Amino acid sequence: KELQEFLMVEKQKAQFNAQIHEFNDFCWDKCVEKTGNKLDSKTETCLTNCVDRFIDVSLLITNRFAQLLQKSAGV
Amino acid sequence: KELQEFLMVEKQKAQFNAQIHEFNDFCWDKCVEKTGNKLDSKTETCLTNCVDRFIDVSLLITNRFAQLLQKSAGV
Amino acid sequence: KELQEFLMVEKQKAQFNAQIHEFNDFCWDKCVEKTGNKLDSKTETCLTNCVDRFIDVSLLITNRFAQLLQKSAGV
Amino acid sequence: QVKQQIAVANAQELLTKMTEKCFKKCINKPGTSLDSSEQKCVAMCMDRYMDSWNLVSKAYSMRIQRERTNM
Amino acid sequence: QVKQQIAVANAQELLTKMTEKCFKKCINKPGTSLDSSEQKCVAMCMDRYMDSWNLVSKAYSMRIQRERTNM
Amino acid sequence: QVKQQIAVANAQELLTKMTEKCFKKCINKPGTSLDSSEQKCVAMCMDRYMDSWNLVSKAYSMRIQRERTNM
């Protein structure tokens, strides 16, 4: 039973990391133009906002999709 | 035996859907510029043609590849 | 035992081929602009260099990453 | 159950694609929140993406039927 | 059989990539049929993609050999 | 062992992404060797990619926490 919990926690960590790789891939292309000695504050803000807005868009689309499904099911 | 048939039909549906996701991803980038209140007729025509031409290109390439293979096999 | 060796060799070949598909995908976009009756020598040079520089970049990044890991581990 | 799994997988793939495509179309500079014009754009983009999905699906089905008739 | 499976997988991957790359290079505006210039372009693009594949394959093999010699 | 496997998978994914992103940023025309300015660019790009990874990771963790608090 402890093994199962351990495996589930590790699986969640792996999913969390996979999600970060995806976000970073996407937001890097969106926000980073030049790569100098450090990320300037504008780029840093863009990256942080990019993650949050991506999740907002994802939630908006998922909720709206659920509503449309319910409507079409005549509920 | 019925179970096998059922599973095969479901697998085909899944492949069909996966194929549509790919076509839609590709043809959306090719055809859709602005997203207004509805798809205009030019965009609709482009999407339909995009699917058909994509399949044409795929068939052309596959047949030509088979011919090249046969030639190189000296048949 | 021979079967195991055979399978390992085949697996390596499959990985080698998968790697070539990736390189060719990436370097085609980097180097090939027009597709005429043959690849011109400039494009050919670009493709060959692209593979070698891609591997250089990969090695540079991997080695530097290993160094950073060692430093942060206080070794 | 198999049917449901496929339906869910299909919906998830659709949601993932729409999120990516509509973020690209509607969010030029990610700000501190989704403003109302961005939200509107995302909602419209989503509807158009599903329209497109239906069109593409129809075109593909018809093509498959035509190929079968020609065989 | 394993060999054949790999050969088939390899050919399928090549066909998939060529279709995508050559559609992008040759079909600017998808029309009601592939016209002859588009067909020619696709055929040439396909040959060049295979040329490129062979070049890349050679460059990679040579690099692997060089790395082995240096070890 | 599971932990190690995940850590290795994570590092490999990071290395793969960095190689691709930094090649695109730093190598405009692949020459006969990586010149020193390209090497510098790759090293800097790599550091920035990891900075970005950490920022994104932090933003995502904070968002998850906020969502949990709101539930």
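In what follows, the structure referred to is the one given above.
Structure report, in brief. If you're wondering where the values come from, they're calculated on a predicted model, not measured in any experiment.

Cut-offs applied
- In this convention, every chain numbers its residues from 1, walking through the sequence in written order.
- A letter from A marks each chain and a number from 1 marks each ligand, given out in the order of writing.
- Given that the model is predicted, a residue must reach a pLDDT of at least 70 before its local features are reported, and side-chain atom pairs must reach 80 or more before they are shown or counted; all residues, however, enter totals for whole chains, interfaces and linings.
- Heavy atoms from the whole structure form the basis of all side-chain values; hydrogens and water molecules are not counted.
- The helix count covers DSSP runs of H or I at least four residues long, the strand count covers runs of E at least two residues long, and both are numbered beginning at the N terminus.
- Relative accessibility thresholds used throughout: buried, under 20% of the residue-type maximum; exposed, over 50%; partly exposed, between the two (1.4 Å probe, protein chains only).
- His is not counted, nor are the chain ends; Lys and Arg add positive charge and Asp and Glu add negative charge.
- By convention, the point assigned to a charge is CZ for Arg, NZ for Lys, CD for Glu and CG for Asp.
- Axis angles are defined between N-to-C directions and span 0 to 180 degrees, where every axis is a line fitted to C-alpha atoms and, for a helix, only to the segment in contact.
- Geometric relationships in this document are graded by angle, where less than 35 degrees denotes roughly parallel, more than 145 denotes roughly antiparallel, 65 to 115 denotes roughly perpendicular, and other angles denote oblique.
- With the far helix as reference, a near helix turned anticlockwise by less than a right angle produces a left-handed crossing, and one turned clockwise produces a right-handed crossing.
- By definition, residues are in contact when any of their heavy atoms lie within 4.5 Å.
- When residues are sorted by character, Ala, Val, Leu, Ile, Met, Phe, Trp, Tyr, Cys and Pro go into the nonpolar class, Asp, Glu, Lys and Arg into the charged class, and all the rest, Gly among them, into the polar class.
- Two parts lose some accessible area (1.4 Å probe) when they are put together, and adding that loss for both gives the buried area.
- Salt bridges are defined by distance alone: a side-chain nitrogen of Lys or Arg within 4 Å of a carboxyl oxygen of Asp or Glu.
- Polar contact criterion, stated in full: a pair of N or O atoms within 3.5 Å, where within protein one must be able to donate a hydrogen and the other to accept it, and residues adjacent in sequence count only if both atoms are side-chain atoms.
- Note on terminology: a nonpolar core comprises buried Ala, Val, Leu, Ile, Met, Phe, Trp, Tyr and Cys residues joined through side-chain atoms within 4.5 Å.

## Comments concerning the overall build of chain A
Check the secondary structure of chain A and you find 2 helices and 0 strands. Reported as C-alpha extents along the three principal axes, the dimensions of chain A are approximately 55 × 40 × 15 Å. The buried share of chain A, reckoned over its 75 residues, is 36%. Of the charged side chains in chain A, 10 are positive and 11 negative, and the gap between their average positions amounts to 7 Å.

## Points about the packing of helix 1 (residues 2-31) of chain C against helix 2 (residues 41-72) of chain C
Residue and element names in this part refer to chain C. Relative orientation of the contacting elements helix 1 and helix 2 amounts to 130°, with a least axis distance of 9 Å. When the interaxial angle is binned, helix 1 and helix 2 end up oblique. Between helix 1 and helix 2 lies a crossing whose hand is right-handed. In contact with F23, F26, C27, W28 and C31 of helix 1, helix 2 contributes T43, C46, L47, C50, V51, F54 and I55. The residue inventory of the contact of helix 1 with helix 2, partitioned by class, reads 11 nonpolar, 1 polar and no charged.

## Let's talk about the interface of chain F and chain A
Often, the extent of an interface is quoted as the loss of accessible area on bringing the components together. Facing 26 residues of chain F, the contacting portion of chain A comprises 31 residues. A combined buried area of about 2800 Å² lies between chain F and chain A, and 64% of that area is made up of carbon and sulfur atoms. Of all residues in chain F, R48(F), Y60(F) and R63(F) bury the most surface against chain A, accounting for 23% of the area lost on that side. The interface formed by chain F and chain A contains 6 salt bridges. One can count 13 residue pairs in polar contact (both at pLDDT 80 or more) joining chain F with chain A. Of all the elements, helix 2 (residues 36-70) of chain F adds the most residues to the side of chain F that touches chain A, at 17 residues. Across the side of chain F that touches chain A, the residue classes tally to 12 nonpolar, 4 polar and 10 charged.

## Comments concerning the interface of chain B and chain E
The interface of chain B with chain E comprises 16 residues on the first partner and 22 residues on the second. Both faces combined, the contact of chain B with chain E buries some 1800 Å², and carbon together with sulfur accounts for 78% of it. When residues of chain B are sorted by the area they lose upon contact with chain E, R53(B), I61(B) and F65(B) head the list and together hold 32% of the total. Remark: the boundary between chain B and chain E carries 1 salt bridge. The partner of R64(B) in a salt bridge is D47(E), and the shortest N-O contact between them spans 2.9 Å.

## Considering the nonpolar core
One finds M18(D), M18(E) and M18(F) to be the most contacted residues of the largest nonpolar core, which totals 107 residues. Every residue in contact with M18(E), bar those within four places of it in the chain, is listed here: I61(B), F65(B), F23(E), M46(E), Y49(E) and M50(E).

## A look at the side chain of S52(E)
Along the chain, S52(E) falls in helix 2 (residues 36-70). Beyond its immediate chain neighbours, meaning those up to four positions away, S52(E) contacts N24(C), W28(C), L39(C) and L47(C).

## Describing the pattern of salt bridges
Taken as a whole, this structure holds 39 salt bridges over all chains when the rule is applied. Here E67(E) and R63(E) are joined by a salt bridge, their closest N and O atoms 2.7 Å apart. Residue E67(E) and its partner R63(E) are located together in helix 2, separated by 4 residues, close to a single helical turn. Given the relative accessible area of 32%, E67(E) is considered partly exposed. What makes R63(E) buried here is its relative accessible area of 6%. Overlapping salt bridges bring together D52(A), R53(A), D56(A), R63(F), R66(F) and E67(F) as one network.

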